[in-house]
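If you want the building blocks of each chain, they are given just below.
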Amino acid sequence: MPLMDSENEELQLCAIRVYVLYTFGCTVFADKNDTRISSLWLEYLDDMNGLDEYAWGTTILTFIYRQLRQTSRFKVKQILGYMTLLEIWIYEHFPSLVRPPHNVNFVVGNPLSSR
């Protein structure tokens, strides 16, 4: 029996919520919980149409700063979070640290992370 359009749409929204929740918990806001994801993020995924209204860049940067602060403590041996974003931020704000581009098609003015 084929799914009706409203049922199919609800299943698609569920799949999108699960994927975004996984991305938040295991990639962008990764912490020492390993594979467990905080239920805090469920509140933000309730209305999928409103996701673009949140300041995600600020939220992610705050999370990375918090991880850097915790990592600077004496007994901490590792850093958590999405370090690729931190690396891109460093390349954008400290261009002298960037090596010559490996991408021969790189256009000056594009984000440095595309090198």
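Residues numbered from 1 in each chain as written. Predicted model: local features only at pLDDT ≥ 70, side-chain atom pairs only at ≥ 80, totals over all residues. Heavy atoms only, no water.

Colleague: Residue-level account of the overall build of the protein, with values.
Modeller: Within the protein, the regular secondary structure consists of 4 helices and 0 strands. Taken from N to C terminus, the helices and strands of the protein fall in the order α-α-α-α. In the protein, which comprises 115 residues, the share counted as buried stands at 19%. Sequence-distant contacts in the protein: of pairs separated by 6 or more residues, those separated by 24 or more amount to 37%. Put simply, the protein shows about 9,100 Å² of open surface, and 57% of that area lies on carbon and sulfur atoms. (Helix = DSSP H or I, 4+ residues; strand = E, 2+ residues; numbered from the N terminus. Buried < 20%, exposed > 50% of the residue type's maximum accessible area, 1.4 Å probe, protein only. Contact = heavy atoms within 4.5 Å. Areas by Shrake-Rupley, 256 points an atom, 1.4 Å probe, with all protein chains shown as cover.)

Colleague: If you had to explain a nonpolar patch on the surface to someone new, which residues and values would you point to?
Modeller: There is a patch of nonpolar side chains on the surface, built from Tyr65, Leu68 and Ile79 and spanning about 240 Å² of accessible area. By secondary structure assignment, the location of isoleucine 79 is in the loop between α3 (56-71) and α4 (83-93). Using a relative accessible area of 30% as the deciding quantity, one classes isoleucine 79 as partly exposed. (Patch = residues over 30% accessible without salt bridge, like charges linked within 9 Å, V, L, I, M, F, W, Y side chains within 5 Å. Salt bridge = Lys/Arg side-chain N within 4 Å of Asp/Glu carboxyl O.)

Colleague: Explain the environment of arginine 69 to me, and be specific about the residues and the numbers.
Modeller: Note that arginine 69 resides in helix α3. Between the alpha carbons of arginine 69 and isoleucine 79 there is a distance of 9.5 Å; along the sequence they are 10 residues apart.

Colleague: Could you give me a rundown of the pattern of salt bridges, with the residues and numbers involved?
Modeller: All chains considered together, the criterion is met by 1 salt bridge. The closest approach of N and O atoms between arginine 17 and glutamate 10, which form a salt bridge, is 4.0 Å. Residue glutamate 10 is classed as partly exposed on the basis of its relative accessible area, which comes to 43%.

Colleague: Tell me about a negative patch on the surface, and please be specific about residues and values.
Modeller: A surface patch of like charges, here negative, comprises Glu43, Asp46, Asp47, Asp52 and Glu53. Looking at the element boundaries, glutamate 43 is found in helix α2 (residues 42-45). Relative accessible area serves as the criterion here: at 59%, glutamate 43 is assigned to the exposed category. (Lys, Arg positive; Asp, Glu negative; His and termini not counted. Charge placed at Lys NZ, Arg CZ, Asp CG, Glu CD.)

Colleague: Talk me through the packing of α3 against α4; I want residue IDs and the actual numbers.
Modeller: Packing of α3 against α4 leaves a shortest axis separation of 10 Å and a crossing angle of 100°. One finds that α3 runs roughly perpendicular with respect to α4. Contacts between α3 and α4 involve Ile60, Leu61, Ile64, Tyr65 and Leu68 from the first element and Leu85, Leu86 and Trp89 from the second. The class makeup of the residues in the contact of α3 with α4 is 8 nonpolar, no polar and no charged. (Axes fitted to C-alpha atoms, helices over the stretch in contact; angles between N-to-C directions. Parallel < 35°, antiparallel > 145°, perpendicular 65-115°, else oblique. Nonpolar A, V, L, I, M, F, W, Y, C, P; charged D, E, K, R; others polar.)

Colleague: Explain helix α1 (residues 5-28) to me, and be specific about the residues and the numbers.
Modeller: Taking 1.5 Å per residue as the helical rise, α1 with its 24 residues ought to reach 34 Å, and the 32 Å between its terminal C-alpha atoms agrees with that figure. Along α1, the positions that sit buried rather than exposed are Val20, Leu21, Phe24, Gly25 and Val28. Those residues of α1 hidden inside the fold are in contact with α2 and α3. (Expected span 1.5 Å × (residues − 1).)

These results come straight from atomic positions and should not be treated as a statement about function.
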